[in-house]
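Structural overview for review
These are the residues of each chain, in order.
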Amino acid sequence: MKLYKIAKGILLEHEGAAYIIDDSWDKLVNRDNLAAYLQSVIDDTTPLTAGVYQEFTNSRALPPIGTQEVWAAGVTYLKSRDARMEESESSGGASLYDKVYDAPRPELFFKATHYRVSGHGGEVYIRKDSEWNVPEPELTLYINSKGNIQGYTIGNDMSSRSIEGENALYLPQAKIYEKSAALGPCLYVSAEPLPADSAIKLLIKRDGAAVYQDETTISRIKRSFTELAGYLYAECDFPQGCYLMTGTCLVPPPTFTLQVGDEVYITIDHIGTMINTIGINPKHK
Ligand code: DO4
Ligand code: MG
């Protein structure tokens, strides 16, 4: 079952039929047993007619988020550890990444407030004071206020590799700025965990042609999702629940940096594809 946030409310899509849910995003997603609740909505509600459904699918989806905070986990895949050790070698920070990959406690950091998050079809920004920039495609969990994983979405943890590589203490500046996060296109809700063999794919196009393309599966993650959620909720309360990006497993080669106008396609099995265009904050041009 897929939940889309649209200008007129919330659209629930399941097996080719669609339903409008008259509720606030925060209240809806924070329910216990969200999958069972959505099934009861399907059982009790008349689906939209084909014409109305078409009208809604044509309207651009907003990011599937209410007022939740967005957090992120880091160095959860070997690929991310190795890339970061390489980028921080000259600053002497390489061993930090090696240690955190093996440590019981994961790296978790605050990523975004909801108003800094872009949705499918929107822009994500690169910083003007950063010369080396990449998207980070990440499976993102929605965890409710009780700490239970209720759904999955696609996340883009936009990152400045030059700022993070200069000094690991600059991480918040490398990671947190306007439109440095994207979520979309929907929240995929299932009573079952996302299958471990689900593929995650990244495609970057410049002037219509692919300049980077790769894929892997989420099974390569070092830690379990419940372990990450457990550390995040250990000493923080999230009254509306929280989004947690689970770390990147695809890193373009060191010679690659994003340019304004590039298109970033992130696909995760069962969820869909999120497309974003690279921009720069007009205030800071
Ligand atoms: O350690 C810095 C950030 C790591 C990260 O964002 C990732 O592994 O995805
Ligand atoms: Mg990341």
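Preceding this section is the structure that the text describes.
Residues numbered from 1 in each chain as written. Chains lettered and ligands numbered in written order. Predicted model: local features only at pLDDT ≥ 70, side-chain atom pairs only at ≥ 80, totals over all residues. Heavy atoms only, no water.

Examining the pattern of salt bridges
The full count for this structure, using the stated rule, is 16 salt bridges. The closest approach of N and O atoms between D23 and R31, which form a salt bridge, is 3.8 Å. The residue R223 makes a salt bridge to E227 at a minimum N-O spacing of 3.1 Å. (Salt bridge = Lys/Arg side-chain N within 4 Å of Asp/Glu carboxyl O.)

Some points on the environment of I163
Along the chain, the position of I163 falls in helix α6 (residues 161-166). A relative accessible area of 9% means that I163 is categorised as buried. On a C-alpha basis, the gap between I163 and Y243 in space is 24 Å, while along the polypeptide they are 80 residues apart. With residues near it in sequence (within four places) discarded, I163 still touches R127, D129, S130, Y170, Q173 and A174. (Helix = DSSP H or I, 4+ residues; strand = E, 2+ residues; numbered from the N terminus. Buried < 20%, exposed > 50% of the residue type's maximum accessible area, 1.4 Å probe, protein only. Contact = heavy atoms within 4.5 Å.)

Re the sheet that holds strand β14 (residues 209-217)
Spatially, β7-β17-β16-β13-β14 is the arrangement adopted by the 5 strands of the open sheet, whose pairing is mixed. In the strand order of this sheet, the two ends are held by β7 (123-126) and β14, each with one partner. Ignoring which end each strand starts from, the neighbouring axes of this sheet average 25° apart. (Pairing = 2+ DSSP bridges. Axes fitted to C-alpha atoms, helices over the stretch in contact; angles between N-to-C directions.)

Observations regarding the environment of S91
Its location among the elements puts S91 in the loop between α4 (78-87) and α5 (94-102). For the pair S91 and A168, spaced 77 residues apart in sequence, the C-alpha separation works out to 8.5 Å. Ignoring anything within four residues of it in the chain, the contact list for S91 reads G165 and E166. Of the polar contacts made by the side chain of S91, one reaches the backbone oxygen of S88; its length is 3.0 Å. A polar contact is formed between the side chain of S91 and the backbone oxygen of G165, at a distance of 3.1 Å. (Polar contact = N/O pair within 3.5 Å; in protein donor to acceptor, adjacent residues only side chain to side chain.)

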